[in-house]
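# Report on the structure
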Amino acid sequence: MTSEKIEEDLGYVKSLVDKSERIMNPPSVFILWAAIIAVGFSLVDFAPKYVGFFWMIASPLGGLLSGFLGRKTGRARGQLDAGTGKKHAIYWSGLLTITILAVLLGIRGFIHGAVISQVILLVVAMGWWGAGVLFDRYFLYLAGIMMAGFTAALFLDRYVWTAMGMLLAITLTAVAVHKGKKNASGAQ
Amino acid sequence: MPAERSEQIADTLNNLNKLLGHRSRLGICVLLARHTALSFSRLKELLDETDGNLGAQLRKLEIEGFIEVNKEFRNRKPVSWYRLTKNGRLGLMKHLDAMTHLINLKS
């Protein structure tokens, strides 16, 4: 066996692994979060007293549903990745826990009113930026929108959250459509 | 020195597993080491192999105890899921180590 043949074989298996890892989060997960975010962010402007209740239910439920959709997509594609699923579960449950801890600042009265939402938005933006680096680069754009929205909310006080929620929902839907097309064409 | 090196190369060549000398079988094992389980159709898509050839390579790996198969029905269609066994993982690691060692020795 020559070293050239070995290098060729190693190059071949590396290309196979790269090809197999091109599966990213399923489009359905992005559609799910587009709906959750559109409602959740609009509530800040239109029904602020329901915001906490909504996110208390929607965040963990959305997380569980995302995991279910991810597993379902994996089975349909014929590729199961327990390690990747575990990594996602640890990452997103950690972000949820940190967000709940940030909410405690409001419950204990250390921060008030709109500041609570702003602090939570920063925590989530940081979490999604991290997800963009670790899992799927599209999260970087979404985190960027949140940062821009955070800045806008510092200077404007009407419908900033609704606008931000709609922009995030549109971007998430566009990402889902783009991923769906890629899957259909087999370009992944 | 060259004699010692030749001996080292010969030793390392002995550590290479003949079963994994075939590129497709090596590819199958590496993919199964990376992922928990892969279906027959997914392996076919990734390796770009025909049904017959892939089936033959998978059978060889299964006979040698490198992989195991679980069959289930999905929408009334049979789906075969392949996993790397503990023995297969050890064999693959040894083979990849030997490959890397050979490259280092020859360069």
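Refer to the structure printed above.
No experiment lies behind these values; they were computed from the predicted model shown.

In terms of helices and strands, chain A carries seven helices and one strand. The linear arrangement of helices and strands in chain A, starting from the amino end, is α-α-α-β-α-α-α-α. Going through the 188 residues of chain A one by one, you find that 40% of them count as buried. Within chain A, counting contacts between residues at least 6 apart in sequence, those at least 24 apart form 67% of the total. Across chain A, the mean location of the 17 positive side-chain charges is 12 Å away from that of the 10 negative side-chain charges.

Take the overall build of chain B next. Helix and strand counts for chain B stand at five helices and three strands. When the helices and strands of chain B are read in sequence order from the N terminus, they spell out α-α-β-α-α-β-β-α. Against the globule reference of 13 Å for 107 residues, chain B gives a C-alpha radius of gyration of 16 Å, more extended than a compact globule. C-alpha extents for chain B along the principal axes are approximately 65 × 25 × 20 Å. The buried share of chain B, taken over its 107 residues, is 43%. A fraction of 59% describes how many contacts in chain B between residues 6 or more apart in sequence connect residues 24 or more apart.

Here we come to the pairing of strand β3 (residues 77-84) of chain B. Residue and element names in this part refer to chain B. Inspection of the sheet shows strand β1 (residues 37-39) paired to β3 by two bridges, in the antiparallel sense. Each residue of the ladder has a partner; that of Leu-38, found in β3, is Tyr-82. Examined bridge by bridge, strand β2 (residues 67-74) and β3 share eight bridges and lie antiparallel to one another. Bridging across to β3, Asn-70 finds its partner in Trp-81. As consecutive antiparallel partners, β2 and β3 are separated by two residues, and within that stretch Asn-75 has a phi angle of approximately 50°, a positive value.

Looking now at the interface of chain B and chain A. Tallying the contact residues gives 26 residues for chain B and 29 residues for chain A. At the boundary of chain B with chain A, total buried surface from both sides reaches about 2,500 Å², with 59% on carbon and sulfur atoms. Among the residues chain B hides against chain A, the three largest losses belong to Arg23(B), Arg42(B) and Ile103(B). Together they make up 23% of the total. Here chain B and chain A share five salt bridges between them. For Asp81(A), the salt bridge goes to Arg34(B), with nearest N and O atoms at 4.0 Å. Between the two partners, chain B and chain A, sit 13 residue pairs in polar contact (both at pLDDT 80 or more). Counting only elements with at least two residues in the side of chain B that touches chain A, the list comes to α2 (23-34), β1, α3 (40-47), β2 and α5 (86-106) of chain B. The class makeup of the residues in the side of chain B that touches chain A is 14 nonpolar, five polar and seven charged. Bridge analysis of strand β1 (residues 79-80) of chain A against β1(B) gives two bridges, and the strand direction is antiparallel. For Leu80(A), the partnering residue across the bridge sits in β1(B) and is Ala37(B).

Next up on the list: the side chain of Ser39(B). By the element assignment, Ser39(B) lies in strand β1. In terms of polar contacts, Ser39(B) uses its side chain to reach the side chain of Ser41(B), at 3.3 Å. In contact with Ser39(B), other than residues within four places in its own chain, are Arg77(A), Gly78(A), Val79(B), Ser80(B) and Trp81(B).

Further remarks concern the pattern of salt bridges. As a working rule, side chains carrying opposite charge can pair if their charged atoms are close by. Under the counting rule described, the total for this entry stands at ten salt bridges over all chains. The salt bridge partner of Asp9(A) is Lys5(A), with a shortest N-O separation of 2.7 Å. Within this pair, Asp9(A) and its partner Lys5(A) are both found in helix α1 (residues 3-20), separated by four residues, close to a single helical turn. One salt bridge in this structure joins Asp51(B) and Lys44(B), with 2.9 Å as the shortest N-O distance. Assessed through its relative accessible area of 43%, Asp51(B) is described here as partly exposed. Taken together, the salt bridges that share partners define one network made up of Lys5(A), Glu8(A), Asp9(A) and Arg23(B).

Before going further, it helps to examine the sheet that holds β1(A). Taken in spatial order, the four strands line up as β1(A)-β1(B)-β3(B)-β2(B) in an open sheet, and their pairing is antiparallel. Taken across any chain shown, the strands that pair with only one partner, and hence form the sheet edges, are β1 of chain A together with β2 of chain B. The sheet contacts of α2(B) involve β1, β2 and β3 of chain B, and relative to β3(B) the element is tilted by about 85°.

Criteria and cut-off values
- Residues numbered from 1 in each chain as written.
- Chains lettered and ligands numbered in written order.
- Predicted model: local features only at pLDDT ≥ 70, side-chain atom pairs only at ≥ 80, totals over all residues.
- Heavy atoms only, no water.
- Helix = DSSP H or I, 4+ residues; strand = E, 2+ residues; numbered from the N terminus.
- Buried < 20%, exposed > 50% of the residue type's maximum accessible area, 1.4 Å probe, protein only.
- Contact = heavy atoms within 4.5 Å.
- Lys, Arg positive; Asp, Glu negative; His and termini not counted.
- Charge placed at Lys NZ, Arg CZ, Asp CG, Glu CD.
- Rg over C-alpha atoms; globule rule 2.2 N^0.38 Å.
- Pairing = 2+ DSSP bridges.
- Buried area = accessible area lost by both parts, 1.4 Å probe.
- Salt bridge = Lys/Arg side-chain N within 4 Å of Asp/Glu carboxyl O.
- Polar contact = N/O pair within 3.5 Å; in protein donor to acceptor, adjacent residues only side chain to side chain.
- Nonpolar A, V, L, I, M, F, W, Y, C, P; charged D, E, K, R; others polar.
- Axes fitted to C-alpha atoms, helices over the stretch in contact; angles between N-to-C directions.

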